[in-house]
Amino acid sequence: MRVSGVTKYSFAGPSTLLFSPRMQGTTSSQFSAAGAGGVLLAVLVACIGVGVLLGLALGSGAIGALCGAVIGILGGIVAVYVRYGDLS
């Protein structure tokens, strides 16, 4: 019998290594890359849309879209951090 940490297991059968504590997966966090990408994209598109509307009102929709994209990238990063930042 061999002691590994706090768990005891034997090497008696071939299936013991397959299901030993060393082979068990770790618990996964609730982080979803697709969800984070969706949050990032939603904030980016919303900021670009607001930027275009403000740009059209002030005379140039293209410059408004550019400013909205810059603010949207930063806002998207902040939104993803707020949503997924404190996962342990």
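Computed from a predicted structure; not experimentally measured.

1. Things to note about a nonpolar patch on the surface
Logical step 1: Among the surface-exposed residues, Leu 40, Ile 73 and Ile 77 lie close enough to one another that they form a single nonpolar patch of about 260 Å² accessible area.
Logical step 2: Of note, Ile 77 is situated in helix H3 (residues 61-84).
Logical step 3: Given the relative accessible area of 51%, Ile 77 is considered exposed.

2. Details of the environment of Ile 73
Logical step 1: Along the chain, Ile 73 turns up in helix H3.
Logical step 2: Looking at Ile 73, the relative accessible area reads 46%, which means it is partly exposed.
Logical step 3: When the C-alpha positions of Ile 73 and Ile 48 are compared, they lie 9.6 Å apart, and in sequence the two are 25 residues distant.
Logical step 4: Beyond its immediate chain neighbours, meaning those up to four positions away, Ile 73 contacts Leu 40 and Leu 44.

Scoring rules and cut-offs
- The residue numbers shown here count from 1 along each chain, following its written sequence.
- Residues qualify for local features only when their pLDDT is at least 70, as the model is predicted, and side-chain atom pairs are given and counted only at 80 or more; totals for whole chains, interfaces and linings, by contrast, use all residues.
- Hydrogen atoms and water are omitted, and side-chain values are computed over all heavy atoms in the structure.
- A residue counts toward a patch only above 30% relative accessible area and without a salt bridge, and it is joined to like-charged neighbours within 9 Å or, for Val, Leu, Ile, Met, Phe, Trp and Tyr, to nonpolar neighbours within 5 Å.
- The protein chains shown are the only cover counted for residues, whose accessible areas, like all others here, come from Shrake-Rupley with a 1.4 Å probe.
- By definition here, a salt bridge exists when the distance from a side-chain nitrogen of Lys or Arg to a carboxyl oxygen of Asp or Glu is within 4 Å.
- Put simply, DSSP marks the helices as runs of H or I at least four residues long and the strands as runs of E at least two long, and each gets a number from the N terminus on.
- Whether a residue is buried, partly exposed or exposed follows from its accessible area with a 1.4 Å probe, protein chains only, as a fraction of its type maximum: under 20%, in between, or over 50%, in that order.
- It only takes one pair of heavy atoms within 4.5 Å for two residues to be counted as in contact.

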